[in-house]
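Breakdown of the fold
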Amino acid sequence: MNQKPEGCLWCEYRGPVLAGEIITVVNPQVTLQHELRRCPTCREAMVDIRWPDRIVRRKVRESPRRFRRSLWVVIYPVECAWCGSHNTDAYEVNATVSNPVSTRFKYDIYRCLDCQRPNAISYLGEVYVHRADQDKEFFSLWHLDPESEQSEPSA
């Protein structure tokens, strides 16, 4: 039952990927070991997360820092809550949400690359996606599941 994932999530390479060190990520879904992997073809990074019954591979990005260890951000596969597209990318990690579903959840903001709308993901064991809207006055504040569609800014 302990199947190991194969191949790279960034490119078309399907062979074994190079194992690395155990890292700490800034947005962990769970408090399990995250083992760094690198693709021998494109050199992009991934992490293997070891659950008791399986291993899950996720994309990860490195944020190098001067004189300190790098910060690592896991990129979760997210479907846009607005249009259903899978073409999303991380935009803001550990965002401040005005109306959280639970105070235990952490939130990241993902931007849909097709409809250009923001999505808030919450994760605590499972990843949940919510429509998001940025506050008009406090730009670092996000609102979950706004009542109406986002209006286009007037000229």
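That block above? That's the structure.
1. A word on the side chain of E35
For E35, the location among the structural elements is in strand β2 (residues 34–38). Of the polar contacts made by the side chain of E35, one reaches the side chain of R50; its length is 2.8 Å.

2. Notes on the environment of S63
Along the chain, the position of S63 falls in strand β4 (residues 55–65). Given a relative accessible area of 36%, S63 falls into the partly exposed group. The residues contacting S63, other than those within four sequence positions of it, are S70 and L71.

3. Regarding the sheet that holds strand β3 (residues 45–50)
The strand order across the open sheet formed by 5 strands is β1-β2-β3-β4-β5, and the pairing between neighbours is antiparallel. Looking at which strands have only one partner, the edges of the open sheet turn out to be β1 (18–23) and β5 (68–75). Between one strand and the next, the sheet's axes are offset by a mean angle of 40°, whatever the strand orientation. As defined by bridge partners, β1 adjoins β2 across 4 bridges and the pair is classed as antiparallel. For L18, the partnering residue across the bridge sits in β2 and is R38.

4. Section: the pairing of strand β10 (residues 127–134)
Two elements, strand β9 (residues 118–123) and β10, share 5 bridges in a ladder whose sense is antiparallel. Directly across from N119, in β10, lies its bridge partner R131. Pairing between β10 and strand β11 (residues 141–144): 3 bridges, direction antiparallel. In the sheet register, Q134 faces β11, and the bridge partner there is W142. Hairpin geometry of β10 and β11 is characterised by an intervening segment of 6 residues between the two adjacent antiparallel strands.

What counts, and where the lines are drawn
- Residues numbered from 1 in each chain as written.
- Predicted model: local features only at pLDDT ≥ 70, side-chain atom pairs only at ≥ 80, totals over all residues.
- Heavy atoms only, no water.
- Helix = DSSP H or I, 4+ residues; strand = E, 2+ residues; numbered from the N terminus.
- Polar contact = N/O pair within 3.5 Å; in protein donor to acceptor, adjacent residues only side chain to side chain.
- Buried < 20%, exposed > 50% of the residue type's maximum accessible area, 1.4 Å probe, protein only.
- Contact = heavy atoms within 4.5 Å.
- Pairing = 2+ DSSP bridges.
- Axes fitted to C-alpha atoms, helices over the stretch in contact; angles between N-to-C directions.

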